Amino acid sequence: MFIQLTPQDISGLTIGGIDGGYTSRLLIGFDIFFFRAIAVFSTYTPETIQKTNYYPNKTPPLEITVADVGLSILEFENLGSIKRAIIELQVATQVLELSTKKIDVLLLDGSPILRRPITNNQRIQNFYQTYLSNLSKLVYLASKNRVKMAWIVKDSRLNLFTRFLGKILPFIIEFLPELLTVDYRSIINRSRDMDLFYYLLEPNVRSMVYQRDFKVTKEFDSKFSLYAFYLKTVPFDIPLRVEMFQSNRRNHKNLINDINTLSETILPLSQYNKTYGIPAPIVEADARAKIKEAEIKALFRMIQTRFPKPEFMLKRRERSPWKF
Amino acid sequence: MIQIGTVIATTDSPSLELIELILEKENQSLVEKGQYVTITKNEASIVLGIIVSIKKYNAYYETLDSSIHEINSRNYEAIFPIEEWESTKVEVKPLGEVEVNSNKVSRIKFPVSPGSKVYISSPSIISTFLGLDPDGIYLGNLSSNNVKVSINLSRLLRKHLAILAISGAGKSYATSILLEELYKYGKLGVLVIDPHGEYSSIIPFIAPKANVEVIKGSFISIGVPDLSAWEISEFSPDISVVQTRVLSTIISNLKRDCNNLYSLQEIIQKVDTSEVINPRTKDALIGWLEILRRTFLFSAKTSPNISELMEPGKIVILDLSGIQSLWNRQIIALYFLKRLYKLRMQEKIPPSLFVIEEAHQFCPQNGRSVSKRIVETIAREGRKFYASLCLISQRPVNMSVTALSQCNSNLILRIRNPYDQDFIGKTSEGIDRSTLKMIPSLEIGEALLVGEAVNHPIFFKIRLRTFNSEDTSLNLGEISEQYEKEWKFKWKKE
Ligand SMILES: Nc1ncnc2c1ncn2[C@@H]1O[C@H](COP(=O)(O)OP(=O)(O)O)[C@@H](O)[C@H]1O
Ligand SMILES: [Mg+2]
């Protein structure tokens, strides 16, 4: 069920990481979002990084979007996360289109699966459609350019495996008499997959691969499927979940080969600390994309001096003169 | 102007005391501690500051713990773009504000804004700001901004100058630079009291023969007929008031009888043969006069002629190296200073500078010194008569506080002793703690100038002498060789 891997030599490869950040502010009369996405890609040598490039640049400016009035809290949050995902995909696509250097591997932060928003708001629905079409465009492009692309999920509440285990355990329990002494059912039911694999996997070991159920577009779904697996990088951190699209035309052997090569590339990038095992390009992209409180403050100060209109005032609760 | 960075907002900056900035990577190599920088405040004014500290920062190394590197043999640097995160934070101490149009310098009353651009200051703005004078006394150069440190003569000397440092730090060297400039300037008369005879070998290189006069201590004689009884008692402070009065009578008799040609010997005789003097007074007075006589400094005629000594642009050196007794040196210093000061008050000699090496020997804070009073007097009042002092010492703590505190400009070279540092902090206005802290780290030839001479304390490098004499302090080997040669020469002659 588990596969032992060997970290690969990454020197000579160009590997990218993509992440985005977003935050929102409530103003009088309307609410606004701040977005930022960045791509960072490095070319490695055995000893060091030969060069690191940033797209669009090292500190991309904030993108500001005004939210519709009358959104529910849920809709508001949906809008934010879809928009952020769109911007990330845009940056990824642009990097693949514009880079003069061959990019070997592209790692994106999070999962490509965005839940379809449950809302009648047409704007949000449109954004969701845009996301799906951008996603399919990116996957086609990566496949055409032979870029190995994977999403890295650092933390997830998924419990597909634990639910499965809960179902089959009663049938095999007679072979595991120790389990009879504990209430295994409630433990298993309360655990998530990542916790489970934390105990089951050793560093440099990945779980079996499984296919995820995710609809993009009819045409796309007929050509690509999304696969996922867990990969343990360091002893004392929960495993990563790696998700990647693979062409349906590939045979099983090629598919597994690809997954193993990718895993063996991710391993050396993630092994620098016993308790923290996230690939370096994702760490770097996350650090660059993060929107700092100070930036927002400075931006507001600037807006307020240029447009001293009451609309640009923060809602009362954000204007409290006290900092408790 | 070269832009080097941008002011950032932190809890302490920008304030009236501190401005922090992030350096631009490209220009890092141009920046160094001690450099002057210009920060634009608004269209009308700029703020000038000095770099006091430079700090590099990298978030990747902020919480680097030992567990990194434990897993993989690959370096941390091999997978993270660490270099891209290196930033350099610079702390600038704001010094003052300059109005762009009028060049008017003032105190900073309101801080610059975060985001302000920071530039390397141009030499001309620094010059203006520090109150330098392109036509002044050229002492050296600022180490970083390519600025000539030329000081307005009047500001440097009028209210007296003190040159303070441990021995070997370059006091005498700096003084020789000053003398070189004063000779070129040509309007001041200069007297150097030189206990070690260092200058007699340097100055002839600085100025042509006609402008230098070296007077060896052994050729100096004080003409007793030129002295009043009160002046004689000043040389020997143990002579009592009663004794001085007696002496006064004797001297007026001698003047009448001897046509102004007498020395201590004659006075002693007259005292001895007098029948009106109380025997106890007589014995004591003769005792003191005898001690004075045995200094062999006194005779019937003063030499050299002091009233003709000082000329504009001329440097007179009293080389006292041949005189061992400190008291004797003090007597000479007292006599020369007193006479010259009086001549100056009567405007019979040009405006003058009196340079006193080893000034703690001539005007100590504690202990007796016959020359202390005249030095203190000139320190207090000389300004009115254009008589200036340049006091040089390696032990400021031992110097008369009265004299030292009247020195409104201080040129400070390296001082290690914390007592001396403390003392300088107290006597020297315009030195703050951070400036004081830099004194021990000064190297040979580096100096701090504070006080009247400049608008702000400045650290700079003393310039090289323009003449090319070898190092005047010969090493032991050279001295021995020289001695041997002279000795052989004498031997042959005999
Ligand atoms: N600015 C300078 N540049 C080069 N050498 C110097 C400088 N100042 C001093 N020196 C050298 O340092 C030594 C000590 O200097 P000196 O002036 O005699 O010190 P001080 O009078 O303080 O005892 C001398 O050999 C001198 O040549
Ligand atoms: Mg000296």
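Residues numbered from 1 in each chain as written. Chains lettered and ligands numbered in written order. Predicted model: local features only at pLDDT ≥ 70, side-chain atom pairs only at ≥ 80, totals over all residues. Heavy atoms only, no water.

### Quick notes on the layout of surface pockets
Quick note on the threshold: The definitions used throughout rest on a 1 Å grid laid over the protein atoms alone, on which a cavity is an enclosed set of points accommodating a 1.4 Å probe that cannot get out and a pocket is an open set flanked by protein within 12 Å on both sides along at least five of seven lines; lining residues are those having an atom within 4 Å of a point. Grid points are joined across faces, edges and corners, and a volume is the space filled by probe spheres set on the points. Secondary structure elements are taken from DSSP: a helix is a run of H or I of four residues or more, a strand is a run of E of two residues or more, and numbering for both begins at the N terminus. Under the grouping applied here, Gly and all other residues not named as nonpolar or charged are polar, the nonpolar ones being Ala, Val, Leu, Ile, Met, Phe, Trp, Tyr, Cys and Pro and the charged ones Asp, Glu, Lys and Arg.
If you add up the space inside the largest pocket, you get close to 1,600 Å³. Around the largest pocket, the lining comprises 34 residues; the ones closest to its centre are Thr59, Lys292 and Glu295 of chain A together with Ile8 and Ile22 of chain B. Those elements that provide at least two residues to the lining of the largest pocket are helix H8 (280-289) and helix H9 (293-306) of chain A together with strand S2 (19-23), strand S4 (45-57) and strand S5 (87-99) of chain B. Broken down by class, the residue content of the lining of the largest pocket amounts to 13 nonpolar, four polar and 17 charged. The set of elements that each furnish at least two residues to the lining of the second largest pocket consists of helix H1 (73-98), strand S6 (105-109) and strand S7 (148-153) of chain A.

### Quick look at the packing of aromatic side chains
Condition: Note on ring pairs: Phe, Tyr and Trp rings are taken, using the six-membered ring of Trp, and paired if centres are within 6.5 Å. Classes follow the plane angle, with under 30 degrees stacked, over 60 edge-to-face and the rest tilted. Here, a charge over a ring is recorded when the distance from Lys NZ or Arg CZ to the ring centre is within 6 Å and its angle to the ring normal is within 35 degrees.
Counted under the stated rule, the structure contains 16 aromatic pairs over all chains. With a centroid separation of 5.4 Å and 80° between ring planes, the pair formed by Phe220 of chain A and Phe245 of chain A is classed as edge-to-face. One end of the pair, Phe220 of chain A, is in helix H6 (residues 218-223); the other, Phe245 of chain A, is in strand S11 (residues 240-247), and 25 residues separate them in sequence. An aromatic cluster is defined as three or more aromatic residues linked by ring pairs; in this entry it consists of Tyr140, Trp151, Phe220, Phe224 and Phe245 of chain A. In this structure, Arg206 of chain A is placed above the aromatic ring of Phe229 of chain A, and the distance from its NZ or CZ to the ring centre is 5.8 Å. It is Lys148 of chain B that lies over the ring of Tyr138 of chain B; its NZ or CZ is 4.4 Å from the centre.

### As for the side chain of Ser15 of chain B
All names here are of chain B. To be explicit about the condition: In the analysis that follows, any N or O atom pair within 3.5 Å is treated as a polar contact, provided that within protein one partner can donate a hydrogen and the other can accept it, and provided that, for residues neighboring in sequence, both atoms belong to side chains. Should any heavy atoms of two residues lie within 4.5 Å, those residues are counted as being in contact.
Within the secondary structure, Ser15 is located in the loop between strand S1 (3-7) and S2. Within the structure, the side chain of Ser15 is placed 3.2 Å from the backbone oxygen of Asp12, a separation counted as a polar contact. Among the polar contacts listed, one links the side chain of Ser15 to the backbone nitrogen of Glu17, at a separation of 3.2 Å. What Ser15 contacts, discounting residues up to four positions off in sequence, is Pro94 and Pro111.

### Things to note about the domain arrangement of chain A
Reports of interface size often rely on the accessible area that becomes lost once the parts have come together. To keep things clear, this is the line we draw: Domain borders in the structure are assigned automatically or taken from a domain database.
Parsing chain A into structural domains produces domain 1 (2-157 + 194-315) and domain 2 (165-191). Just the C-alpha atoms count here: the centres of domain 1 of chain A and domain 2 of chain A sit 36 Å apart.

### Digging into the site of ligand 1
Residues and elements named next belong to chain B. Operational definition: By convention in this text, a residue qualifies as near a molecule or strand provided that one of its non-hydrogen atoms is within 4 Å of it. Using a 1.4 Å probe, accessible areas were evaluated by the Shrake-Rupley method; residue-level cover was limited to the displayed protein chains.
Taken together, 14 residues form the shell around ligand 1, and within it Gly168, Gly170, Lys171, Ser172 and Tyr173 come nearest. A distance of 2.6 Å is found between an oxygen atom of ligand 1 and a backbone nitrogen or oxygen belonging to Gly168. A distance of 2.7 Å separates an oxygen atom of ligand 1 from a polar backbone atom of Lys171. Here ligand 1 has 560 Å² of accessible area as a free molecule, and 73% of this is covered by the chains. Top element by residues in the shell around ligand 1 is helix H4 (residues 171-185). It accounts for three residues. Here the residues of the shell around ligand 1 sort into six nonpolar, six polar and two charged.

### Thoughts on the nonpolar core
Residue and element names in this part refer to chain B. So the rule is basically this: We call a set of buried residues a nonpolar core when its members are Ala, Val, Leu, Ile, Met, Phe, Trp, Tyr or Cys and they connect through side-chain atoms within 4.5 Å of each other. With a 1.4 Å probe rolled over the protein chains alone, any residue whose accessible area is under 20% of its type maximum counts as buried; one over 50% counts as exposed, and the rest are partly exposed.
In this structure, Ile267 and Phe298 are the most contacted members of the largest nonpolar core, which totals 76 residues. A total of ten residues in this core trace back to one element, the largest contributor, which is helix H10 (residues 326-345). Discounting chain neighbours no more than four positions away, the residues touching Phe298 are Ile222, Val224, Leu227, Phe235, Ser263, Leu264, Leu292 and Ile331. In terms of nonpolar packing, the next biggest core, distinct from the first, is built from 53 residues, Leu132, Leu161, Leu188 and Ile392 among them.

### With respect to unusual backbone geometry
Residue and element names in this part refer to chain B. Backbone torsion omega between Ser13 and Pro14 reads -5°, so that peptide bond is classified as cis. Following the sequence through the fold, Pro14 ends up in the loop between S1 and S2. Not every positive phi belongs to a glycine, and Asn259 is a case in point at roughly 55°. Tracing the backbone shows Asn259 in the loop between helix H7 (241-258) and helix H8 (264-273). Given a relative accessible area of 67%, Asn259 falls into the exposed group. Backbone geometry at Glu358 places phi at a positive 50°, although glycine is not the residue there. Examined against the element boundaries, Glu358 turns out to sit in the loop between strand S16 (352-356) and helix H11 (359-362). Given a relative accessible area of 8%, Glu358 falls into the buried group.

### Brief notes about the side chain of Asp258 of chain A
Residues and elements named next belong to chain A. Tracing the sequence through the fold places Asp258 in helix H7 (residues 252-270). Side-chain polar atoms of Asp258 contact the side chain of Gln246, separated by 3.5 Å. Not counting the four nearest positions on each side in its chain, Asp258 is found in contact with Lys148, Gln246 and Arg250.

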